[in-house]
Amino acid sequence: MSRLFPCGVAPGLDRGASKTRTGTLLRMLVAMFLVIATAAHAQAIDPLPFKDHAQEVRFQNLTRQLRCLVCQNENLADSNADLARDLRHEVFGLMQQGKSDDEIKQYLVDRYSDFVLYDPPVKPATWLLWFGPGLFLLMGAAVVLVTVRRRGRAARIDSRLVDNATIEQGDDW
Amino acid sequence: MSRSLPLIGFLLLVGLFGFGIWWNTGHDPREVPSPLIGKPAPAYVLPLLDDPARTVSKASMLGKPYLVNVFASWCIACGEEHPVLMAEGRTLGLPLIGYDYKDAPEDAKAWLAQHGNPYDMVMADRPGRTAIDFGVYGAPESFLIDAKGVIRYKHIGPFTPEVIERELRPLIAQLKQEAP
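Residues numbered from 1 in each chain as written. Chains lettered and ligands numbered in written order. Predicted model: local features only at pLDDT ≥ 70, side-chain atom pairs only at ≥ 80, totals over all residues.

With that settled, the discussion passes to the overall build of chain B. For chain B, the helix and strand inventory stands at six helices and seven strands. When the helices and strands of chain B are listed from N to C terminus, the series reads α-β-β-α-β-α-β-α-β-α-β-β-α. In summary, chain B has a C-alpha radius of gyration of 20 Å against a globular reference of 16 Å for 180 residues, an excess of more than 25%. In terms of overall dimensions, chain B has a C-alpha envelope of 80 × 35 × 30 Å along the principal axes. Counting across all 180 residues of chain B, residues that qualify as buried make up 36%. (Helix = DSSP H or I, 4+ residues; strand = E, 2+ residues; numbered from the N terminus. Rg over C-alpha atoms; globule rule 2.2 N^0.38 Å. Buried ≥ 20, exposed ≤ 12 C-beta atoms within 10 Å, placed from the backbone.)

Within the largest apolar cluster, 55 residues are counted, with the highest numbers of intra-cluster contacts made by Leu69 and Val70 of chain A together with Val68, Phe71 and Tyr101 of chain B. The residues contacting tyrosine 101 of chain B, other than those within four sequence positions of it, are Val70, Phe71, Ala72, Asp125, Gly128, Ala131, Val136 and Ala139 of chain B. (Core = buried A, V, L, I, M, F, W, Y, C linked by C-beta atoms within 7 Å. Contact = placed C-beta atoms within 7 Å.)

A residue-level look at chain B finds 98% of positions with pLDDT of 70 or above and a mean pLDDT of 93. Among the scores for the predicted complex, ipTM is 0.83 and pTM is 0.75. (pLDDT = per-residue confidence, 0-100.)

Residues and elements named next belong to chain B. If you trace the five strands from one edge of the open sheet to the other, you get β5-β4-β3-β6-β7, paired in mixed fashion. A strand with exactly one partner marks an edge of an open sheet, and here the two such strands are β5 (121-125) and β7 (151-156). For this sheet the average axis-to-axis angle between neighbouring strands, irrespective of direction, equals 20 degrees. Pairing of strand β6 (residues 141-145) with β7 involves five bridges; the strand directions are antiparallel. Residue isoleucine 145 lies in a different strand from β7, and its bridge partner there is isoleucine 151. (Pairing = 2+ DSSP bridges. Axes fitted to C-alpha atoms, helices over the stretch in contact; angles between N-to-C directions.)

What follows is about the interface of chain B and chain A. Taken together, the contact pairs 20 residues of chain B with 19 residues of chain A. Contributing elements (two or more residues each) for the side of chain B that touches chain A: α3 (76-88) and α5 (129-133) of chain B. Considered class by class, the residues forming the side of chain B that touches chain A number twelve nonpolar, five polar and three charged. (Nonpolar A, V, L, I, M, F, W, Y, C, P; charged D, E, K, R; others polar.)

Shown next as structure tokens:
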């Protein structure tokens, strides 16, 4: 793991951080608050010159469907990792060139494999992933069906025995 | 039969989870497989670390196989890998090209001066733009590129003597046979 950029901290930036001395608790709290505040506005500190609001919305939508390779549980839109910032700029540049969302996704897949997509494409290698849950559901349904039938049959046999018993009793009377 | 069914189900799950544990001890689940293996390396032009006025390009490197090692002075795992490259780099029998990734040139030079320079040549990619074309997502990473400029192998993470012996050397021998 140590080979990767620390998540949320750009390389180069973390070196200076250790030099600052936060003496008092108050200063530490203020520092913490600032870190949290800047993390929440990761987009705000990385402004991109969007043409209009629609383009910004499209950019946000697209980067939310792409995985950050460094912090793999984060999408490109949210990640503070250095590489995520680079890739956001890359996506932005491609949008400026008039590339479609699919073309931009393909561009990243060509370099980083399907891994960059949060939704893996349906293909033979991912059939189990996509249809596995349905398969398990069918298997469960089959088990339930068999059990219910077996119990139903058993109950019928039981009731027949009871009926016979009643009839026999009736005969006796 | 029906009484042993829960046991069979349990054993199947044990098998499945056991396989998962076994698989993940041998594989890093965070490792992103490179789609570039077997494909031509992206065209690149990068300045030399020591002399930014001179550049290296894919075209200038055609004709013989070489190993590109992505490193950076800020990268901790590169420090682990470094002694291995110092010891084995010269014995690989092909040029070892350093790829200084998102690094300040003075930091990289100081780092190499301090720890030693195992590279025949170091190219610098400070903005990291070319690295995106190579699908680099951290350091260290290494690419084995053949005489025709095709990426034949990628190693993610630090090289260890075992990995070099088991994976890298056989491939290098194979490349040498292809292009004597």
